[in-house]
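As a plain string of letters, each chain reads:
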Amino acid sequence: MQSRQMAKPVKKYSSWGKYLKMSRESRFASAREFWSQLGLQMSYAQYSRYESGSQLPSLEEALRMGKSIGVSISEVSLEWIVSQLSDDQCAERAQLELEWRNASEAATRSAGTAQVPLDEVIVFNRAHLKLFSSDPAYRDVFTYINSFAPDSISARELSSALSIALPRVFEMLKKLYDLGVLVKSESGFRASKKNFYFPDDEDFFPLRNLNWKHNAEGILSRISQEDLQLKRASRLLVTRELTESQARLIIDRLEELMGELVNLPETSTPETIYSVCTIFGERFRRSPLI
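Structure report, in brief. (Residues numbered from 1 in each chain as written. Predicted model: local features only at pLDDT ≥ 70, side-chain atom pairs only at ≥ 80, totals over all residues. Heavy atoms only, no water.)

A look at a negative patch on the surface
For clarity, the cut-off: A residue counts toward a patch only above 30% relative accessible area and without a salt bridge, and it is joined to like-charged neighbours within 9 Å or, for Val, Leu, Ile, Met, Phe, Trp and Tyr, to nonpolar neighbours within 5 Å. A 1.4 Å probe and the Shrake-Rupley method give the accessible areas. Residues count as covered only by the protein chains that appear here. By definition, a salt bridge exists where a carboxyl oxygen of Asp or Glu is found within 4 Å of a side-chain nitrogen of Lys or Arg. The convention is simple: Lys and Arg are positive, Asp and Glu are negative, and His and the chain ends are not counted. One atom stands in for each charge, and that atom is NZ of Lys, CZ of Arg, CG of Asp or CD of Glu. In this description a helix means any DSSP run of H or I spanning at least four residues, a strand means any run of E spanning at least two, and both kinds are numbered starting from the N terminus.
A surface patch of like charges, here negative, comprises Asp252, Glu255, Glu256 and Glu260. Summarising the element assignment, Glu255 is placed in helix 13 (residues 244-263).

Brief notes about helix 5 (residues 73-82)
As a reminder of what qualifies: Each residue gets one of three labels from its accessible area relative to the maximum for its type: buried under 20%, exposed over 50%, partly exposed in between, using a 1.4 Å probe on protein chains only.
Across the ten residues that make up helix 5, a large majority, seven, are buried. Of the residues making up helix 5, those classed as buried are Glu75, Val76, Ser77, Leu78, Glu79, Trp80 and Val82.

Quick look at the pattern of salt bridges
Tallied over the full model, the rule gives nine salt bridges. Arg168 is paired through a salt bridge with Asp135; the nearest N and O atoms lie 3.3 Å apart. Here the residue Arg168 occupies a position in helix 10 (residues 166-178), and Asp135 occupies one in the loop between helix 7 (126-134) and helix 8 (137-147), the gap between them amounting to 33 residues. Connected through salt bridges with shared partners, the residues Asp135, Arg168, Glu171 and Lys175 form a single ionic network.

A look at empty space enclosed by the protein
For clarity, the threshold we go by: Any residue with an atom within 4 Å of a point lines the site, the site being either a cavity, points on a 1 Å grid over the protein atoms alone where a 1.4 Å probe fits but cannot get out, or a pocket, an open set with protein on both sides within 12 Å along at least 5 of 7 lines. Grid points are joined across faces, edges and corners, and a volume is the space filled by probe spheres set on the points. When residue character is reported, Ala, Val, Leu, Ile, Met, Phe, Trp, Tyr, Cys and Pro are called nonpolar, Asp, Glu, Lys and Arg charged, and the others, Gly included, polar.
Taken as a whole and assessed by the stated rule, the structure comprises one cavity of 30 Å³ or more. There is about 50 Å³ of room inside the largest cavity. If you trace the largest cavity, you find it lined by Trp16, Tyr19, Leu20, Ser23, Ala62, Met65, Gly66, Ile69, Val71 and Val76. When contributions to the lining of the largest cavity are tallied by element, the ones reaching two or more residues are helix 1 (14-25) and helix 4 (59-69). Considered class by class, the residues forming the lining of the largest cavity number eight nonpolar, two polar and no charged.

Following this line, the structure appears as structure tokens:
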């Protein structure tokens, strides 16, 4: 008699499980730590089913968990609703609205600024993901134009500043315009909004890494020893043993520094644009003896 393979259980609410896990990890290293410290009125096994996406909590339970993690009621409610939508088009529209709502809150948390109105934010979504992933120079084009607002930037200036062939610049500008990232003017192009946000989720994770690497390599290709001596640039590297609590302290300090950087006053006639690329993480781990 032939043996039958057991089918893997379908995770019907995978989007909710993914969201809950990501939110929980922002404050608690493990699911059990979250469950035990907050005294949730459910068994650990039940909570595990919620985080795995195999079951969906009631709205009351979802809101209680969101409050414990520090997530807004509107965000939790929308995520809870989106996870139950079966119509793909409806779910896509709801997800886009959720991303727009989360953008302002995310910018506020990362920069330490007052909440940014949603109508002043460009939230890059799945429609932009393929384009920006195809060539990191798309972000250079948009960032250059946005940095020198409200002036309009011509294709020829972009070609000269970014060392991109003029025909290629025209092609890139058209695609960014078609996606609503740029608007046309008589003398060139302007950004359609002042603030922009790349979602910090799993789908955008490779693109964020690509953007970081592209910017870091661009900085390294420009700085000289004289720049470092005259403090026109900085290139720091420290590798040492840290405890988990020490590592979290460093991350908190770096986030505070980035918030202070964002809050520095801007001039009315910008000339030089700087980029700060921070990366911090585990470099080595003791290897067991063989």
